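# Geometric and topological summary
Spelled out, the chains give:
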Amino acid sequence: QVQLVESGGGLVQAGDSLRLSCAASGRTCSSYTMGWFRQAPGKERDFVAAITWNGGTTYYAASVKGRFTISRDNSKNTVYLEMDSLKPEDTAVYYCATDQVITGRTSTRHAYRFWGQGTQVTVSS
């Protein structure tokens, strides 16, 4: 089993930066793809970013590309999401997820079995 715990959410103003962390524990986390998704009230849970097990490949949603950066530290079993130039439309609960995800499905939420509890990010205008 894998456990994920997100942290770092909060209330910020438009244009600010925020860094989310997701600490993983359990079996073979370092060999899994790690992803971030977000869900705004009344909306679907959408893909934000993902990173392969060795950090060699990253994926981003078009809406965050150039503003968000995903990274991981396998020695700490932690994945990060650095969010810059935040916008009010980035407001959502952010979830990290992990699994052995095949190429081509990294942005698909159903490809991930293990999820954290989420952390709220609110961006005021």
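Up top you'll find the structure we're talking about.
Residues numbered from 1 in each chain as written. Predicted model: local features only at pLDDT ≥ 70, side-chain atom pairs only at ≥ 80, totals over all residues. Heavy atoms only, no water.

### A word on the sheet that holds strand 3 (residues 18-26)
Taken in spatial order, the 4 strands line up as 1-3-8-7 in an open sheet, and their pairing is antiparallel. The open sheet has two edge strands with one neighbour each: strand 1 (2-7) and strand 7 (68-73). With strand direction ignored, the average angle separating the axes of adjacent strands in the sheet is 15°. The pairing of strand 3 with strand 8 (residues 78-83) spans 6 bridges and is antiparallel. The partner of Ala23 across the bridge, within strand 8, is Thr78. (Pairing = 2+ DSSP bridges. Helix = DSSP H or I, 4+ residues; strand = E, 2+ residues; numbered from the N terminus. Axes fitted to C-alpha atoms, helices over the stretch in contact; angles between N-to-C directions.)

### Some details on the pairing of strand 3
Bridging between strand 1 and strand 3 involves 6 bridges; their strand directions are antiparallel. Its bridge partner being in strand 3, Gln3 is matched across the sheet by Ser25.

### Observations concerning the packing of aromatic side chains
Enumeration according to the criterion identifies 5 aromatic pairs in this entry. An angle of 75° between the planes, with centres 5.3 Å apart, marks the rings of Phe37 and Tyr112 as edge-to-face. Here the residue Phe37 occupies a position in strand 4 (residues 33-39), and Tyr112 occupies one in the loop between strand 9 (92-99) and strand 10 (114-115), the gap between them amounting to 75 residues. Residue classification places Phe37 among the buried positions, given a relative accessible area of 1%. You can call Tyr112 buried: its relative accessible area is 4%. Consider the rings of Tyr112 and Trp115, whose centres lie 6.2 Å apart with planes at 65°: the pair is edge-to-face. Using a relative accessible area of 25% as the deciding quantity, one classes Trp115 as partly exposed. By way of ring pairs, the aromatic residues Phe37, Phe47, Tyr112 and Trp115 are connected into one cluster. The cationic tip of Arg45 hangs over the ring face of Tyr95; the distance from NZ or CZ to the ring centre is 3.6 Å. (Phe/Tyr/Trp six-rings, centres within 6.5 Å; stacked < 30°, edge-to-face > 60°. Buried < 20%, exposed > 50% of the residue type's maximum accessible area, 1.4 Å probe, protein only. Lys NZ or Arg CZ within 6 Å of the ring centre and 35° of its normal.)

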